[in-house]
Amino acid sequence: MTRTWRLRLLATLGSLALVGTLACTTAPARVPEIAAQQAETRAHDARLRAEQAALQAETADRVAAREAAQTAVAAQLSDQLAADRAAAEQAAAEQAAAEQAAAEQAAAEQAAAEQAAAEQAAAEQAAKQAAAAQATARPARPAPAPVTAAPAPSVPACVNDSTYAGPPFYTSAPDAEGDGSNGRLPASAMTRLTWGHDTAGTPQYLATRAAGALDRLNASYRAAFGTDLDLDLTYRSFDEQVRMREALGSVAAVPGTSSHGTGRAFDLQEWSCYGFGSARYQWLVENGPAFGWVAPGWARQNGSNPEYWHFEYTG
Ligand SMILES: [Zn+2]
C-alpha cells in the first residue's frame, strides 16, 4: 500500500511538471484547456490528500490498537508477573515454614535423644557404681554356724496343736516400783525381748542378762531351724503366780518360789513340735547350756513335774 501511494505521488508530481511546462509553452489560445487540466489536477490533489489523511488516520488507529494491545499484553504480563511473584513468595514462605518446622522437630528429636543418652549414661554409671560398691564391699559376715548340724528336712514345722484347755495365763510386765523379790522385779532390771511374744502378742520380759543369753540362743536356734522360738510365758508377777496356783494347784509353783518370778525362765508354746523326743527339744537340751539355758531335772521327761516347754537360765 505504501509503495502504491508513493507511485501515485510520483505520478502526481509528474503531472504537475507537465502542467507547468504546458503553461509556459502553451499559446493563449489553449488557456481554457489548461484551466481544465489545472482544475483536474487540483481535484486529483484533493483526492490524494484525502486518501493520505485516511491513510494516516488508519495508520494512527492501527498504531493505537497495537499500542493498546501491547499495553494490554504488558498489563497481563505485569499481572502474571505479580501473580508469579506472589506465588513464589508464598511458596518460599511455605518452604521456610516447613524448614523451620523440620528444624524444630529435628531439634526436639535431638534433645530427646540427648536426654535418653544422658539417662542411659546415668543408669550405666549407677550400675557401675553399684557393681563397684558390691565388688569392694566386705563380704557379708557369715551367719554363725549352728552348734549342731541343721535338722533333717523331715523335722515338722511348728503349728499350734495345743490341747491345753485351762485358763489362759500371760507374761507379766515388770513393776516400776518392784522391790526385787520374786514376782516383784523392778522394770530397770528387765529387758523386753525384741522378737518374742506369745500368741496374744503379749510382750516378753526377762532379767536383762537372761534376755541377752536368750537372744543368742534364739539366733543359734533360728540358724538351725529357720524360725524363732515360739515363746509362751517368761516373767510372771507374784500376783499372777497366785492366780495360777489357785487355778492349777500343785502343778504351779508356790507363789514366791517360781523361777518365772526371777525373770530367769521361759516356757515355749505347748506344741508337739517342742515335745519330749522332738528334734527341737533335743537340740535345746543339748545346745541351751552353751548359752546358760537348761532344762531343769524336775522338768525332764523323767522328772518330778515333766514340762518340755520349760527352760531356766543358770548363767
Ligand atoms: Zn515354766
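Whatever comes next refers back to the structure up there.
A quick note: this is a predicted structure, and the numbers were derived from the prediction, not measured. The residue numbers shown here count from 1 along each chain, following its written sequence. Only residues with pLDDT of 70 or above have their local features reported here, since the model is predicted, and side-chain atom pairs are shown and tallied only from 80 upward, although totals for entire chains, interfaces and linings are computed over all residues. Hydrogens and water molecules were not included; the side-chain quantities draw on all heavy atoms of the structure.

## Side note on the coordination of the zinc ion
Ideal geometry at a metal gives 109.5 degrees between four tetrahedral donors and either 90 or 180 degrees between six octahedral ones. Distances from the zinc ion to its protein donors, H260 (NE2), D267 (OD), D267 (OD) and H310 (ND1), fall at 1.9 to 2.6 Å. Coordinating donors are taken as N, O and S atoms within 2.8 Å of the metal, stretched to 3.2 Å for Na, K and Ca; because water is absent from the atoms, sites can appear incomplete. In these descriptions, tetrahedral denotes four donors with every angle between 85 and 135 degrees, square planar four donors and octahedral six donors with opposite donors over 155 degrees apart and the rest between 65 and 115, and irregular any other case. Its 4 donor atoms give the zinc ion angles of 56 to 152° at the centre, a pattern that matches the irregular case. Mapping the donors of the zinc ion onto the primary sequence gives the spacing H-x6-D-x42-H. Here H310 lies in strand β6 (residues 310-313) and D267 lies in strand β4 (residues 265-268), a separation of 43 residues in the sequence. For the exposure calls, accessible area comes from a 1.4 Å probe over protein chains only, and a residue counts as buried if that area is under 20% of its type's maximum, exposed if over 50%, partly exposed in between. Take H310: its relative accessible area is 3%, and that puts it in the buried class. Helix numbers and strand numbers start at the N terminus; a helix is a DSSP run of H or I with at least 4 residues, a strand a run of E with at least 2.

## Notes on the sheet that holds β4
Across the sheet, which stays open at both edges, the 4 strands sit in the order β3-β4-β6-β5 with antiparallel pairing between neighbours. Looking at which strands have only one partner, the edges of the open sheet turn out to be β3 (231-233) and β5 (293-294). If DSSP finds at least two bridges between two strands, the strands pair. Note that β3 and β4 share 2 bridges and pair antiparallel. Counted as the bridge partner of L231 is L268 from β4.

## Comments concerning the side chain of H310
Here a polar contact is recorded for every N or O atom pair within 3.5 Å, except that within protein the pair must consist of a potential hydrogen donor and a potential acceptor, and residues adjacent in sequence are included only if both atoms are side-chain atoms. At 3.4 Å, the side chain of H310 forms a polar contact with the side chain of S259. For H310, the side chain forms a polar contact with the side chain of H260, separated by 3.3 Å. Look past the residues within four positions of H310 in its chain and what remains in contact with it is S259, H260, A265, F266, D267, A295, P296, W298 and A299. Here, two residues are considered to be in contact whenever any of their heavy atoms come within 4.5 Å of each other.

## Considerations on the pairing of strand β1 (residues 190-197)
The two faces of the sheet receive side chains in turn, since in a regular strand these alternate between them. Examined bridge by bridge, β1 and strand β2 (residues 203-207) share 4 bridges and lie antiparallel to one another. Looking at β2, one finds that M190 is bridged to A207. Taking the residues that link successive antiparallel strands as the turn, the β1-β2 hairpin has 5 residues, and the phi of G201 there is positive, at about 85°.

## As for the packing of aromatic side chains
Only centres within 6.5 Å qualify two rings of Phe, Tyr or Trp (six-membered ring in Trp) as a pair; their planes then separate them into stacked at under 30 degrees, edge-to-face at over 60, and tilted for everything else. As enumerated under the stated definition, the model contains 10 aromatic pairs in all. On the basis of an interplanar angle of 85° and a centroid distance of 6.0 Å, the ring pair of F225 and W283 is categorised as edge-to-face. Placement of F225 in helix α3 (residues 208-225) and of W283 in helix α5 (residues 279-287) is noted, with a sequence separation of 58 residues between them. Neither F225 nor W283 differs from the other in exposure class; each is buried.

## Description of the nonpolar core
With 30 residues, the main nonpolar core has L214, L229, L268, W293 and F311 as its most contacted residues. Contributions of two or more residues to this core are made by β1, α3, β4, α5 and β6. Sorting elements by how many residues they give to this core places α3 first, with 8 residues. Excluding residues within four positions of it along the chain, L214 makes contact with L193, W195, L206, L229, L231, F266 and W293. In plain words, nonpolar cores are sets of buried Ala, Val, Leu, Ile, Met, Phe, Trp, Tyr and Cys residues tied together by side-chain atoms within 4.5 Å.

## With respect to helix α4 (residues 238-248)
Residues E240, Q241 and M244 constitute the buried set of α4. On an axial view of α4, the arc spanned by its buried residues comes to 100°, and they lie on one face. Of the exposed residues in α4, those oriented more than 90 degrees away from the buried face are D239 and E246. Contact partners of the buried residues in α4: β3. Positive backbone phi, approximately 75°, marks G249, located one or two places after α4. Here, the arc refers to the directions that run from the helix axis to the C-beta atoms.

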